[in-house]
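Summary of structural features
Listed below are the residues making up each chain.
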Amino acid sequence: MMKKIILVLISIIFIACSKDDDNADIPVTEKNVVISQDEIYEHEFEFPGDESGYSITRQAESFELSNLQQDPATGGFIYNYKTQADFTGTDFVEISLTTYTIGLDKTSVTRIIRINFEIQNKSTGQ
């Protein structure tokens, strides 16, 4: 009886530790950006379609401004970033494109955009 319990526990632990990475097959586009401390970075995304949209899935860490807005006139999305005052170094944000499939009645992430920031000192540019 004890062997069965141990076998079940080991099986549960093995299953829990072998979690599939849902994002493994999703293409990731990376963009590297160098900005100064006082600069506001803006990235425009194309109109994704009526049943799709962009969202921040991993927020930047050292930001004063980091948001994604949809332009009501064009339907496109605009991401804005400004670092915290006096921060230099690196930061990043991940933005996902989610699409809705009418026939399957489900949404899925179809692309991830990772924007890597290198923030330089505003006075020296380093």
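Above: the structure in question.
Keep in mind that what you see is a predicted model, and the values were worked out from it rather than measured.

1. Observations concerning the overall build of the protein chain
Looking only at helices and strands, the protein chain features one helix and seven strands. Going residue by residue from the N terminus, the α and β elements of the protein chain occur as α-β-β-β-β-β-β-β. For the protein chain, the proportion of its 126 residues judged to be buried stands at 30%. Restricting the contact set of the protein chain to residue pairs at least 6 apart, pairs at least 24 apart contribute 63%. In the form shown here, the protein chain has an accessible surface area of approximately 8700 Å², with 53% of it arising from carbon and sulfur atoms.

2. Brief notes about the packing of aromatic side chains
Counted under the stated rule, the structure contains four aromatic pairs. Taken together, a centroid distance of 5.3 Å and an interplanar angle of 70 degrees make the contact between Tyr54 and Phe77 edge-to-face. In this pair, Tyr54 sits in strand β3 (residues 52–58) while Phe77 sits in strand β5 (residues 77–83), placing the two residues 23 residues apart along the sequence. Accessibility classification places Tyr54 together with Phe77 in one group, the buried group. Through a chain of ring-to-ring contacts, three or more aromatic side chains come together here, namely Tyr41, Tyr81 and Phe117. Directly above the aromatic system of Phe92 lies the positively charged group of Arg114, at a separation of 3.5 Å from the ring centroid.

3. Some details on the sheet that holds strand β4 (residues 63–70)
Each strand in a sheet pairs with another by means of backbone hydrogen bonds, the pair being arranged parallel or else antiparallel. With respect to topology, three strands assemble into an open sheet ordered β2-β5-β4, the strand pairing being antiparallel. Where the open sheet ends on each side, the last strands, each with one partner, are β2 (41–45) and β4. Ignoring which end each strand starts from, the neighbouring axes of this sheet average 10 degrees apart.

4. A short note on unusual backbone geometry
At Asp86, a position not held by glycine, the phi torsion is positive, near 65 degrees. With respect to the helices, strands and loops of the structure, Asp86 is situated in the loop between β5 and β6 (89–101).

5. A closer look at the pairing of β2
Along β2, the buried face is formed by Tyr41, His43 and Phe45; none of Glu42 and Glu44, which line the opposite face, is buried. Sheet analysis places β2 next to β5, joined by five bridges and oriented antiparallel. By the bridge assignment for β5, Glu42 is matched with Asn80.

About the thresholds
- Residues numbered from 1 in each chain as written.
- Predicted model: local features only at pLDDT ≥ 70, side-chain atom pairs only at ≥ 80, totals over all residues.
- Heavy atoms only, no water.
- Helix = DSSP H or I, 4+ residues; strand = E, 2+ residues; numbered from the N terminus.
- Buried < 20%, exposed > 50% of the residue type's maximum accessible area, 1.4 Å probe, protein only.
- Contact = heavy atoms within 4.5 Å.
- Areas by Shrake-Rupley, 256 points an atom, 1.4 Å probe, with all protein chains shown as cover.
- Phe/Tyr/Trp six-rings, centres within 6.5 Å; stacked < 30°, edge-to-face > 60°.
- Lys NZ or Arg CZ within 6 Å of the ring centre and 35° of its normal.
- Pairing = 2+ DSSP bridges.
- Axes fitted to C-alpha atoms, helices over the stretch in contact; angles between N-to-C directions.

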